[in-house]
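Chains, contacts and geometry: an overview
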Amino acid sequence: MSELAGRVALVTGGTRGIGLATARALAEAGATVVLTGRDAARAEAVAKEFGGHGLGLDVGDFDAVGAVVRQVTADHGGLDVLVANAGIMENGLLGMLRADAVRRTLEVNVAGTVAAVQAAGRAMARKRQAADGTPRRGGAIVVLASVVGTHGAAGQSVYAASKAALVALARSAAKELGPRGIRVNAVAPGVIRTDLTASLPAEVLDGQAAAAALGRLGEPAEVAEVIRFLVGDGARYVTGQVLGVDGGLVP
Ligand code: NAD
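Cut-off values and rules
Residues numbered from 1 in each chain as written. Predicted model: local features only at pLDDT ≥ 70, side-chain atom pairs only at ≥ 80, totals over all residues. Heavy atoms only, no water. Helix = DSSP H or I, 4+ residues; strand = E, 2+ residues; numbered from the N terminus. Rg over C-alpha atoms; globule rule 2.2 N^0.38 Å. Buried < 20%, exposed > 50% of the residue type's maximum accessible area, 1.4 Å probe, protein only. Contact = heavy atoms within 4.5 Å. Areas by Shrake-Rupley, 256 points an atom, 1.4 Å probe, with all protein chains shown as cover. Lys, Arg positive; Asp, Glu negative; His and termini not counted. Charge placed at Lys NZ, Arg CZ, Asp CG, Glu CD. Pairing = 2+ DSSP bridges. Axes fitted to C-alpha atoms, helices over the stretch in contact; angles between N-to-C directions. Parallel < 35°, antiparallel > 145°, perpendicular 65-115°, else oblique. Left-handed = near helix turned anticlockwise from the far one by under 90°. Nonpolar A, V, L, I, M, F, W, Y, C, P; charged D, E, K, R; others polar. pLDDT = per-residue confidence, 0-100. Polar contact = N/O pair within 3.5 Å; in protein donor to acceptor, adjacent residues only side chain to side chain. Right-handed = clockwise from strand over helix to strand, strands pointing away.

1. Description of the overall build of the chain
- Regarding its fold elements, the chain presents nine helices and nine strands.
- For 251 residues, the compact-globule estimate of 2.2 N^0.38 gives 18 Å, and the C-alpha radius of gyration of the chain, at 17 Å, lies within 12% of that figure.
- Considering only C-alpha atoms, the chain reaches an extent of 55 × 35 × 35 Å along its principal axes.
- By the burial criterion, 50% of the 251 residues in the chain qualify as buried.
- Considering only intrachain contacts with a sequence separation of at least 6, the fraction spanning at least 24 residues in the chain is 70%.
- As presented, the chain carries roughly 11,600 Å² of accessible surface, and 53% of it is formed by carbon and sulfur atoms.
- The averaged location of the 23 negative side-chain charges in the chain is 7 Å from the averaged location of its 25 positive side-chain charges.

Here it is as structure tokens:
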């Protein structure tokens, strides 16, 4: 499959979970993939396994995010796809939340994603030459929201608020960047089996599986497939959307 041949894709937080599955799926579709992780050596090693490139990046550092997007753009002659995936989940009932955890969640999940979308928008808006020599402008961005950003969840107020912010970011950026040929969408996964959710109590996971119409939790590859669709040409008239990948969770 070579739908994304000649395109350059950046996936933040791509060393495991949904980000890694997405990086692999985009590479399988023919894209040149750069993934980032907090540990540069690990990011490089993980990316090498499927012929991609890895870079170190703490998405909580706003300026560093822009610098990495510019570096990828310079190294690979442009940027066509951004998957702003890096995120953290701080759980805790409202009364127990600490200021540093609140700030960190907003810094990584919201500010880090804003930084990535801002820098990618600038890079994609520029006219450039594709690998086959044809002029190209525009691109596709996907941000990782969550079902809790629209439904809410007890014990996840700040995480949920950060993900709701990303829905608003995607919809707003889609309006701003659409005239430049840049599409921006969000995916809102339900509960997907990754390190992020592994720490949740078994009864919570069982409850979420039972609450899904499909009666089970999701797999990272099932989110990656949807992201691959959203950044590909099959979704060329789709922007400003939030696509649930949640097995049919009822709000
Ligand atoms: P994960 O914890 O397995 O992976 C998260 C990735 O983000 C890791 O590679 C991690 O290193 C990276 N990351 C975290 N903080 C970072 C930072 N400061 N700088 C750079 N990288 C950082 O999680 P996942 O389940 O694969 O989640 C990926 C995204 O999907 C997250 O944004 C998460 O909120 C979202 N999401 C996950 C689920 C789920 O059920 N797993 C549901 C909805 C949304």
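2. Digging into the sheet that holds strand E9 (residues 242-245)
- Strand order in this open sheet of seven strands is E3-E2-E1-E4-E7-E8-E9, and the pairing throughout is parallel. The strands lining the two open edges of the sheet, one partner per strand, are strand E3 (53-56) and E9. The average angle at which neighbouring strand axes cross in this sheet is 20°, direction not considered.
- Packing of helix H4 (residues 99-125) onto the sheet brings it into contact with strand E4 (81-84), strand E7 (139-144) and strand E8 (182-189), and relative to E7 it is tilted by some 175°.

3. Observations regarding the packing of H4 against helix H6 (residues 157-177)
- Packing of H4 against H6 leaves a shortest axis separation of 9 Å and a crossing angle of 15°. With respect to each other, H4 and H6 are oriented roughly parallel. Where H4 crosses over H6, the two elements pack in a sense that is right-handed. Residues Val102, Thr105, Leu106, Asn109, Val110, Thr113, Val114, Val117 and Gly121 of H4 touch H6, and the partners they reach there are Val158, Tyr159, Ser162, Lys163, Ala165, Leu166, Leu169, Ala173 and Leu177.
- Partitioned by chemical class, the residues of the contact of H4 with H6 number 12 nonpolar, five polar and one charged.

4. With respect to the confidence of the model for the chain
- Summing up the model confidence of the chain, the mean pLDDT is 96 and the portion of residues at 70 or higher is 100%.
- Reported confidence for the predicted complex is 0.98 by ipTM and 0.97 by pTM.

5. A closer look at the environment of Asp58
- In this structure, Asp58 sits in the loop between E3 and helix H3 (62-76).
- By relative accessible area, Asp58 is classed as partly exposed at 32%.
- In this structure the side chain of Asp58 is engaged in a polar contact, spanning 2.8 Å, whose partner is the backbone nitrogen of Gly60.
- In this structure the side chain of Asp58 is engaged in a polar contact, spanning 3.3 Å, whose partner is the side chain of Arg104.

6. Concerning the pairing of strand E1 (residues 8-11)
- Burial along E1 is two-sided: the residues Val8 and Leu10 and Ala9 and Val11 are all buried.
- Pairing of E1 with strand E2 (residues 32-37), which is carried by four bridges, proceeds in the parallel orientation. Residue pairing across strands places Ala9 opposite Val33, the latter belonging to E2.
- At this point the chain moves from E1, through helix H1 (residues 17-28), to the parallel E2, and the crossover so formed is right-handed.
- One ladder, built from three bridges, connects E1 with E4; its direction is parallel. Along E4, the bridge assignment pairs Val11 with Val83.

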